[in-house]
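Architecture and fold: a report
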Amino acid sequence: IYLAALLGNGLIITAVACNHRLHTPMYFFLLNLSRLDLGSISTTLPKSMASSLWDTRAISYPGCAAQLFLLVFFISADLYLLTVMTYDRYIAICKPLHYGTLLGNRACVHMAAAAWGSGFLYALLHTANTSCIPLCQGNALDQFFCEIPQILKLSCSDSDLREVGLLILSCFLAFVNFVVSYVQIFRAVLRIPSEQGWHKAFSTCLPHLAMVSLYVRTGVFAYLKPPSIFSPFLDVVVSFLYTVVPPAVDPLIYSMRNKEIRDAL
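Residues numbered from 1 in each chain as written. Predicted model: local features only at pLDDT ≥ 70, side-chain atom pairs only at ≥ 80, totals over all residues. Heavy atoms only, no water.

A few points about the pattern of salt bridges
Considering all chains together, one arrives at 1 salt bridge under this definition. For Lys259, the salt bridge identified is with Asp263, shortest N-O distance 3.0 Å. Linking Lys259 with Asp263, this pair stays in helix H11 (residues 259–264), spanning 4 residues, or about one helical turn. (Salt bridge = Lys/Arg side-chain N within 4 Å of Asp/Glu carboxyl O. Helix = DSSP H or I, 4+ residues; strand = E, 2+ residues; numbered from the N terminus.)

Here it is, written out as structure tokens:
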């Protein structure tokens, strides 16, 4: 899976960077998405594979903090970038005549930089908040990487309520953003007179919506599930779905179905 993610995202980055015909807003955002996907999957799997080969599950405290920071950074920036890509599709479908004006080079760079910067600040906030929580229930995490919910299980104070509240607020804002964007898109699509136009618009938007839904639903379940649902196996499966599957599957969903990307490759 890791090799597939490296190959798929690496090919996308190379194709978009080297082919001038792909220097458009949609592919610029796709290039940034591939970079974030490579970062997120490289934060968890190499360490997990090394631990398996060396038959050890140990990780230093600074290493755990760095892994937590990088993972939250890449995943949150990924979600912010997916929001920007939703706006890109909204402009392309609902306001095609203004596409070049609303999404010029400077606007695209600013939106991508905002996604990366927001992810960095969000990760910094979570890492600082989590590092202040006292741990008194051992130091063993039932997970193949350092994850906030697993660290909160080791807490013995009420300070982790701030972390949970911050997570709930973040998930709510992300959900509202995507719902509003896609309601506008689907309203515009339903006004398209031709069935071919419907098919083209839905084939573009539905895979994007499916990946966003996978990210949000599995992430919400992993971070906000009630304590009564306790299953180490379930925790690993859910974490696998939101940290490993999207970076490996995104190249297939966003690019390999695209004729321009295939021609460039």
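Structural notes on the state of the cysteines
One pass over the structure, following the stated rule, counts 1 disulfide. Across the disulfide from Cys64 sits Cys146; the S-S distance is 2.1 Å. Because the torsion about its S-S bond is -130°, the bridge between Cys64 and Cys146 counts as left-handed. Of this pair, Cys64 sits in helix H3 (residues 61–94) while Cys146 sits in the loop between helix H5 (105–131) and helix H6 (148–153), and the two are 82 residues apart along the sequence. Across this residue pair, the class does not change: Cys64 and Cys146 are buried. (Disulfide = S-S within 2.5 Å. Buried < 20%, exposed > 50% of the residue type's maximum accessible area, 1.4 Å probe, protein only.)

Remarks on the UniProt feature "transmembrane region" (unreviewed entry) in the chain
Here, the residues flagged by UniProt with the feature "transmembrane region" (unreviewed entry) are residues 59–82, 103–125 and 164–189. From the first C-alpha to the last, residues 59–82 spans 32 Å; its make-up is 92% helix and 0% strand. In residues 103–125, the share of helix is 91% and the share of strand is 0%. The end C-alpha atoms are 30 Å apart. (UniProt positions renumbered as here; feature names shortened; annotations may be inferred.)

Description of helix H2 (residues 25–54)
For H2, spanning 30 residues, the distance from its first C-alpha to its last is 44 Å, which sits close to the expected 44 Å at 1.5 Å a residue. Maximum bend of H2: about 35°, positioned at Ser42, with proline Pro46 one to four residues after it. Following H2 by one or two positions, Asp55 has its phi on the positive side, about 55°. (Expected span 1.5 Å × (residues − 1). Bend = angle between axes of the 7 residues up to and from the residue.)

Focus: the packing of H2 against H5
As a packed pair, H2 and H5 sit with axes 10 Å apart at the nearest point and diverge in direction by 20°. Put simply, H2 runs roughly parallel to H5. H2 and H5 meet at a crossing whose hand is right-handed. Mapping the contact onto sequence places Pro25, Phe28, Phe29, Asn32, Arg35 and Leu36 in H2 and Cys108, Val109, Met111, Ala112 and Trp116 in H5. For the contact of H2 with H5, the residue count by class is 9 nonpolar, 1 polar and 1 charged. (Axes fitted to C-alpha atoms, helices over the stretch in contact; angles between N-to-C directions. Parallel < 35°, antiparallel > 145°, perpendicular 65-115°, else oblique. Left-handed = near helix turned anticlockwise from the far one by under 90°. Contact = heavy atoms within 4.5 Å. Nonpolar A, V, L, I, M, F, W, Y, C, P; charged D, E, K, R; others polar.)

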